[in-house]
Amino acid sequence: MNTIRREQVKEMLHSKPFLSLKELMEKFPNVSSMTLRRDIDYFESQGEAIKVRGGARSMKFITTSMEESFNLRLYENMSGKEKIARKAIEMIETGRSIFLDSGTTMLKLATMLPDERLSITTTGPNIALELIKKSLPIINLVGGMLNRDNISVSGTQALNLLDDINIDTAFLVPSGMSAEDGLTSGNYSECELKQFILNKARRVVILMDSSKLGKSLPYTFGDFSKVSAIITDRVLPPDIDAAARAGGAEIIIA
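Residues numbered from 1 in each chain as written. Predicted model: local features only at pLDDT ≥ 70, side-chain atom pairs only at ≥ 80, totals over all residues. Heavy atoms only, no water.

Asker: So what's going on with the environment of M12? Which residues, and what values?
Answerer: Structurally, the position occupied by M12 is in helix α1 (residues 3-13). Residue classification places M12 among the buried residues on the basis of a relative accessible area of 16%. As a C-alpha pair, M12 and T156 span 144 residues in sequence and 21 Å in three-dimensional space. Once residues lying within four places of it in the same chain are set aside, the contact partners of M12 are L19, L24 and K27. (Helix = DSSP H or I, 4+ residues; strand = E, 2+ residues; numbered from the N terminus. Buried < 20%, exposed > 50% of the residue type's maximum accessible area, 1.4 Å probe, protein only. Contact = heavy atoms within 4.5 Å.)

This is the structure:
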């Protein structure tokens, strides 16, 4: 075992969300690919990485979130979240397949949602627990890595399940929205999942309370061109409004 090499691999894992086997082979040309795969196995066993096809994902970027915890956000702007949820419910058609993101705004929507025949997929365990109080919807809860701050699930397992589900309308909640960076998230793994949904769903509706407007978190999961509508509780800042409309998104003020 080469301790110096593993220290270098560890530094690489701490510097970026994804480290490819190809990068390792270029960095250590005299080391066999089998040995470098064993290095990845080692760091997975140490909780430093998750082995994926072609390399490894760094746990530093997967587990680190720059977002405030769920409990801190739960009681912020409650009236705004309720207004947004009411408008969102107007866009839900009985019998459709919908996706509900995680977050406090989405929890409000789940609480207020009428008891109707729907197929609902969610990444929020607390969202699913709220929804099962109703008798008619079919609830699909995505499995995977649980983020304590957002009470949301993401990761490879979540993506594999979502790949098999058709989604008519997806309701997504960014952690930030700006004209320059678009729709952003503070967690790399959740960014990857939201990006997947953004590209898969037939229609995407963004729920955005005013506290997140103008914020830009580290990871962009999409721009306004993939968004059908944005529901918010106040008029958007001019630069965001212009960028959203240029992308084709309908602006709905709750």
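Asker: Help me get a handle on the pairing of strand β12 (residues 203-208), residues and values and all.
Answerer: Burial of β12 is extensive: 5 of the 6 residues sit out of reach of the surface. In terms of strand pairing, strand β9 (residues 169-172) meets β12 through 4 bridges, oriented parallel. Within the sheet, the bridge partner assigned to L172 lies in β12 and is I206. With 4 bridges connecting them, β12 and strand β14 (residues 229-232) associate as parallel partners. Bridging from a neighbouring strand, V205 pairs with A229 of β14. (Pairing = 2+ DSSP bridges.)

Asker: I'd love a proper account of the packing of aromatic side chains, names of residues and values included.
Answerer: A full pass over the atoms with the stated rule returns 2 aromatic pairs. For the ring pair Y42 and F43, a centre distance of 5.1 Å and an interplane angle of 75° mean the geometry is edge-to-face. Accessibility expressed as a relative area gives 31% for Y42, which makes it partly exposed. Its relative accessible area of 4% is what places F43 among the buried residues. Ring centres of Y188 and Y219 lie 5.6 Å apart, and the angle between their planes is 75°; this geometry places the pair in the edge-to-face category. With Y188 in helix α10 (residues 188-200) and Y219 in strand β13 (residues 219-222), this pair connects stretches of sequence that are 31 residues apart. Sitting above the plane of the Y42 ring, R6 keeps its charged end 4.2 Å from the centroid. (Phe/Tyr/Trp six-rings, centres within 6.5 Å; stacked < 30°, edge-to-face > 60°. Lys NZ or Arg CZ within 6 Å of the ring centre and 35° of its normal.)

Asker: Explain the nonpolar core to me, and be specific about the residues and the numbers.
Answerer: F99, L172, M177, I197, I206 and I230 are the most contacted members of the largest nonpolar core, which has 31 residues in total. Among the secondary structure elements, those contributing two or more residues to this core are α9 (156-163), β9, α10, β12, β13 and α11 (238-246). Sorting elements by how many residues they give to this core places α10 first, with 4 residues. In this structure, I197 is in contact with F99, L162, I167, A170, L172 and V204, ignoring residues within four places of it in sequence. Formed by 24 residues, the second largest nonpolar core is a distinct cluster that contains A85, I98, L109 and L131. (Core = buried A, V, L, I, M, F, W, Y, C linked by side-chain atoms within 4.5 Å.)

Asker: Explain the side chain of R6 to me, and be specific about the residues and the numbers.
Answerer: Inspection of the secondary structure assignment puts R6 in helix α1. Polar side-chain contacts of R6 include one of 2.8 Å to the side chain of D39. (Polar contact = N/O pair within 3.5 Å; in protein donor to acceptor, adjacent residues only side chain to side chain.)

Asker: So what's going on with the sheet that holds strand β10 (residues 176-178)? Residues and values would help.
Answerer: Pairing between the strands of a sheet is mediated by backbone hydrogen bonds and can be parallel or antiparallel. Spatially, β10-β11-β13 is the arrangement adopted by the 3 strands of the open sheet, whose pairing is antiparallel. Of all strands in the sheet, those bounded by a partner on one side alone are β10 and β13. Strand after strand, the sheet turns through a mean of 40° between neighbouring axes, direction not considered. When β10 meets strand β11 (residues 182-185), the two strands line up antiparallel, connected through 3 bridges. From the neighbouring strand, M177 faces β11, where its bridge partner is L183. Running at roughly 15° to β13, α10 makes contact with β11 and β13 of the sheet. (Axes fitted to C-alpha atoms, helices over the stretch in contact; angles between N-to-C directions.)

Asker: Can you break down the confidence of the model for the protein residue by residue, with the values?
Answerer: Considering every residue of the protein, the mean pLDDT works out to 87; 93% of them sit at 70 or more. Per-residue pLDDT stays below 50 along residues 63-67; that stretch engages in 19 contacts with residues further than four places along the chain or on separate chains. (pLDDT = per-residue confidence, 0-100.)

Asker: With reference to specific residues and values, describe the packing of α9 against α10.
Answerer: Close contact between α9 and α10 brings their axes to 10 Å; oriented N to C, the two are set at 10°. Between α9 and α10, the interaxial angle falls into the category roughly parallel. Across from A158, L159, L162 and D163 in α9, the residues of α10 making contact are E192, L193, F196, I197 and K200. Residue composition of the contact of α9 with α10, by class: 6 nonpolar, no polar and 3 charged. (Parallel < 35°, antiparallel > 145°, perpendicular 65-115°, else oblique. Nonpolar A, V, L, I, M, F, W, Y, C, P; charged D, E, K, R; others polar.)

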